[in-house]
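What the coordinates show
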Amino acid sequence: MNAIQQLVTDETKAIAADALKVAEQKLNSLITNHPDLLPLYTKNGKWSHGDPAWTNWCEGFLGGQLWILAERTGETSWREAAESYTRKLRGREFDTEVHDLGFTFWPTWRRWYRLNGQVEAKDIVVQAGRTMGLRFNERAGFLRSFLAEDSTFIDIMMNVGIIQYAAEQDNDDNLRRVVERHCMNTRKYMVRGDGSTSHEGIFDLETGEFLRQTTQQGWRADSSWARGQAWALYGFGTMYAFTKNPAYLETTKLCADFYIRSTGDRLVPPNDWDEPSPDLPFESSAAAIAASGLMQLAAIMDDAGQAEQYAAYALDTVKRLCQPDFLASENAHWEGLLQQGSYHETKSLGVNESVMWGDYFFMESLDKCLGASWVTTDI
Ligand code: GLY
């Protein structure tokens, strides 16, 4: 029994079960009313709109939510929907345009493979991992972001696990080396001494030298974008679960401690902790990612006392997100599950809305409250 299962009360389980019921209603409406839509963020609470995506990275989160419901309810209709939305992603395993194939294939084809054990499903996941590995810049030692040859993002830490998985399935030492160099360079250049993280890093492509930290979705180059912090604590934790490399555990804890210290009793951070007088008080998707990432950390670490502290903070966060200013339980017209998320404040995309990844990671954390004991490497 991990720390979450030890600490979670019947009251919290009931709250989580009710929230999943709300998820069932929202998802049923989404897939019934918009069967071809793979949304990214809402506009005025509606999933269907013509606003830009910036980049195509969210297509796996709807299928992932449906798999969570399929497993938790055991209902055939959710299973059929999950399979159907997973099939829609066929071909994306060869997509070299994005750095997000972990986000796309891990919640979908990887879950399906765990349940059906079919070689075809595994091959698709492994191919997605190999394709992600093609983003590697050999001279500088990093996986490039979708944006430019010289750029890497902290978000990529959520997409290295699938490369590690492909390396293990193929017994490919070169791919293992690619993942390790990227992770160690992210650790070195983008995780600061206090545990905060930079969103984007820029390298000199001629010399391979690291040039500077910068940001796309945070406030400033030297500030702390909360969602990036959550990606870091979750992603380094996943790499520790895969490899047992103590450097990854150390970095996970450093990032987690900064996250908790900065967010404190509010339990839900703003978009960027350093921004003075932000327009919006909260960015709920960062809290959902962090809750699930902290639950993973609590499950993979040996120190029971520390694990309990991370688990307790994660459970408090989930309970906070289940209150009606975040959970859209009392807002029938709002099509998303979790309110007060933001995608890209600088570009004014999906600001103070529901976002697909927020709903997905929130559902992951609800699932873990209700007894799912998996960590990312198991799904
Ligand atoms: N592109 C990943 C994010 O917006 O967090």
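The notes below deal with the structure included here. Not measured: the values here are computed from a predicted model.

Helix and strand counts for the protein stand at 13 helices and five strands. For 379 residues, the compact-globule formula gives about 21 Å, and the C-alpha radius of gyration of the protein, at 19 Å, lands near that figure. Taken over the C-alpha atoms alone, the protein extends approximately 55 × 50 × 45 Å along its principal axes. Every one of the 379 residues in the protein was classed for burial, and the buried ones make up 61%. For the protein, long-range pairs separated by at least 24 residues make up 69% of all intrachain contacts whose partners lie at least 6 apart in sequence. For the protein, the computed accessible surface area is about 14200 Å², with 45% contributed by carbon and sulfur atoms. Put simply, the protein has 36 plus and 53 minus side-chain charges, and the middle of one group is 2 Å from the middle of the other.

According to the stated counting rule, one finds 29 aromatic pairs in the structure shown. Judged by centre distance (6.2 Å) and plane angle (65 degrees), the ring pair of W106 and F242 falls under edge-to-face. With a gap of 136 residues between them, W106 in helix α5 (residues 101–116) and F242 in helix α9 (residues 226–243) connect regions that are remote in the sequence. The class for W106 is buried, based on a relative accessible area of 7%. Ring geometry for Y259 and W273: centres 5.6 Å apart, planes at 80 degrees, overall edge-to-face. In this pair, Y259 sits in helix α10 (residues 246–263) while W273 sits in the loop between α10 and α11 (284–300), placing the two residues 14 residues apart along the sequence. When sorted by exposure, Y259 lands in the same class as W273, which is buried. Looking at K88, its charged tip hangs above the ring of Y85, at a distance of 4.8 Å from the centre.

This part covers the packing of α9 against helix α13 (residues 356–369). Packing of α9 against α13 leaves a shortest axis separation of 14 Å and a crossing angle of 45 degrees. Taken together, the axes of α9 and α13 are oblique relative to one another. Considering how the two elements wind past one another, α9 and α13 form a crossing that is left-handed. Here R227, W231 and Y234 of α9 lie close against α13, whose contacting residues are W357, F361, E364 and K368. Broken down by class, the residue content of the contact of α9 with α13 amounts to four nonpolar, no polar and three charged.

What follows deals with α5. With 16 residues, α5 ought to run about 22 Å at 1.5 Å a step, and its terminal C-alpha atoms sit 21 Å apart, in line with that. Within α5, the axis deviates most sharply at P107, by approximately 30 degrees. A large share of α5 lies buried, amounting to 13 of its 16 residues. Two residues or fewer past α5, G117 is found with a positive phi of approximately 60 degrees.

A word on the site of the ligand. Contacts to the ligand come from W57, D155, Q217, W225, R227, W231 and Y343. Measuring from a nitrogen atom of the ligand, one finds a side-chain N or O atom of D155 at 3.2 Å. At 2.8 Å, a side-chain N or O of W231 approaches an oxygen atom of the ligand. In isolation the ligand has 200 Å² of accessible area, and contact with the protein removes 99% of it. Mapping the ligand onto the cavity grids shows that it belongs to the second largest cavity. For the shell around the ligand, the class distribution of residues is four nonpolar, one polar and two charged.

Right, let's talk about empty space enclosed by the protein for a bit. Evaluation of the coordinates by the stated rule reveals four cavities of 30 Å³ or more. What lines the largest cavity is a set of 18 residues, and nearest its centre among them are G102, F103, W106, M158 and T376. Elements with a minimum of two residues in the lining of the largest cavity: α5, α7 (161–170), α9 and α13. When residues in the lining of the largest cavity are grouped by element, the largest group, four residues, is from α5. Across the lining of the largest cavity, the residue classes tally to 11 nonpolar, six polar and one charged. Its boundaries defined by the atoms lining it, the second largest cavity holds a volume of some 80 Å³. Considering the residues around the second largest cavity, the lining is formed by 13 residues, among which W54, T55, W57, D155 and Q217 are closest to the centre.

Before going further, it helps to spend a moment on the sheet that holds strand β4 (residues 200–203). Spatially, three strands are ordered β3-β4-β5 in an open sheet, and the strand pairing comes out antiparallel. Strands at the two margins of the open sheet, each flanked by one partner only, are β3 (151–153) and β5 (210–214). Mean inter-strand twist for the sheet, computed between neighbouring axes without regard to direction, equals 25 degrees. Pairing of β4 with β5 involves four bridges; the strand directions are antiparallel. Bridging across to β5, I202 finds its partner in R212.

Criteria and cut-off values
Residues numbered from 1 in each chain as written. Predicted model: local features only at pLDDT ≥ 70, side-chain atom pairs only at ≥ 80, totals over all residues. Heavy atoms only, no water. Helix = DSSP H or I, 4+ residues; strand = E, 2+ residues; numbered from the N terminus. Rg over C-alpha atoms; globule rule 2.2 N^0.38 Å. Buried < 20%, exposed > 50% of the residue type's maximum accessible area, 1.4 Å probe, protein only. Contact = heavy atoms within 4.5 Å. Areas by Shrake-Rupley, 256 points an atom, 1.4 Å probe, with all protein chains shown as cover. Lys, Arg positive; Asp, Glu negative; His and termini not counted. Charge placed at Lys NZ, Arg CZ, Asp CG, Glu CD. Phe/Tyr/Trp six-rings, centres within 6.5 Å; stacked < 30°, edge-to-face > 60°. Lys NZ or Arg CZ within 6 Å of the ring centre and 35° of its normal. Axes fitted to C-alpha atoms, helices over the stretch in contact; angles between N-to-C directions. Parallel < 35°, antiparallel > 145°, perpendicular 65-115°, else oblique. Left-handed = near helix turned anticlockwise from the far one by under 90°. Nonpolar A, V, L, I, M, F, W, Y, C, P; charged D, E, K, R; others polar. Expected span 1.5 Å × (residues − 1). Bend = angle between axes of the 7 residues up to and from the residue. Near = heavy atom within 4 Å. Polar contact = N/O pair within 3.5 Å; in protein donor to acceptor, adjacent residues only side chain to side chain. 1 Å grid on protein atoms, 1.4 Å probe; cavity = no way out; pocket = protein on both sides within 12 Å on 5 of 7 lines; lining within 4 Å. Sits in = over half its atoms within 2 Å of the grid points. Points joined across faces, edges and corners; volume = space filled by probe spheres on them. Pairing = 2+ DSSP bridges.

Any link to function would need more than the numbers given here.
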